[in-house]
Amino acid sequence: MKPPAGLTARRAFWAEHVQAWRHSGMTQVAYCLQHQINTKSFGYWFRSREPESETLTMVPIAVREVAPIGELKLRHPGGWELLLPCTIDPAWLAHLLQEMR
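Criteria and thresholds
Residues numbered from 1 in each chain as written. Predicted model: local features only at pLDDT ≥ 70, side-chain atom pairs only at ≥ 80, totals over all residues. Heavy atoms only, no water. Helix = DSSP H or I, 4+ residues; strand = E, 2+ residues; numbered from the N terminus. Buried < 20%, exposed > 50% of the residue type's maximum accessible area, 1.4 Å probe, protein only. Core = buried A, V, L, I, M, F, W, Y, C linked by side-chain atoms within 4.5 Å. Contact = heavy atoms within 4.5 Å. Axes fitted to C-alpha atoms, helices over the stretch in contact; angles between N-to-C directions. Parallel < 35°, antiparallel > 145°, perpendicular 65-115°, else oblique. Left-handed = near helix turned anticlockwise from the far one by under 90°. Nonpolar A, V, L, I, M, F, W, Y, C, P; charged D, E, K, R; others polar. Salt bridge = Lys/Arg side-chain N within 4 Å of Asp/Glu carboxyl O.

Novice: Help me out: how do you make sense of the environment of cysteine 32 in this one?
Specialist: Locating cysteine 32 in the fold gives a position in helix α2 (residues 28-35). On the basis of relative accessible area, cysteine 32 is assigned to the buried category, the value being 1%. In this structure, the C-alpha to C-alpha distance between cysteine 32 and phenylalanine 42, residues ten residues apart in sequence, is 7.5 Å.

Printed below as a string of structure tokens:
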């Protein structure tokens with residue numbers, strides 16, 4: 001199945017397929033084979049739509065020792081990183097994390 005020519009129509013086409021795939025319970029490859037769509041194109045559109053619907057999950061951690069110099073690196077599975085000085089106020093960081101929820 002070939003996607004439509006216009007950008008708006010293509011976005012709608014892939015958004016519908018991504019949503020249908022999510023509800024199908026199938027792997028991406030199996031879904032693409034069944035619907036005769038290109039797996040690489042599907043992957044591109046799937047990844048390009050992810051940040052819109054991505055939700056953050058906060059996980060509690062225990063800090064055993066704080067290094068006197070250096071940085072605190074927060075890494076997200078989506079690929080972004082946040083570098084903070086290790087001297088950052090823990091209360092401010094806790095407030096920031098609460099605001100993200």
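Novice: What should I look at first to understand the nonpolar core in this one?
Specialist: Side chains that are nonpolar tend, in soluble globular proteins, to be buried together. One finds Phe13, Trp14, Val18, Trp21, Tyr31, Cys32, Ile37, Phe42, Trp45 and Phe46 forming the largest nonpolar core, which totals ten residues. Residues in contact with tyrosine 31, not counting those within four places in the same chain, are His17, Ala20, Trp21, Ser24, Met26, Ile37 and Phe42.

Novice: Just checking my understanding: could you explain the packing of helix α1 (residues 7-24) against α2 for this structure?
Specialist: The description of two helices packed together rests on the angle between their axes and the distance between the axes. At their nearest, the axes of α1 and α2 sit 10 Å apart, and the two run at 120° to each other. Here α2 runs oblique to α1, going by the angle between their axes. Judged by the twist between their axes, the crossing of α1 over α2 is right-handed. Taking contact as the criterion, the partners of His17, Ala20, Trp21 and Ser24 in α1 are, on α2, Gln28, Tyr31 and His35. Residue classes in the contact of α1 with α2 are distributed as three nonpolar, four polar and no charged.

Novice: Whenever I open this one, the pattern of salt bridges confuses me. Can you help?
Specialist: Note that side chains of opposite charge can pair when their charged atoms are close. Throughout the structure, instances matching the rule amount to two salt bridges. A salt bridge links glutamate 81 to lysine 73, with the nearest nitrogen and oxygen atoms 3.9 Å apart. Here glutamate 81 falls in the partly exposed class, since its relative accessible area comes to 43%. By relative accessible area, lysine 73 is classed as partly exposed at 40%. A salt bridge links arginine 75 to glutamate 81; the shortest N-O distance between them is 3.2 Å. Members of the salt-bridge network, linked through shared partners, are Lys73, Arg75 and Glu81.

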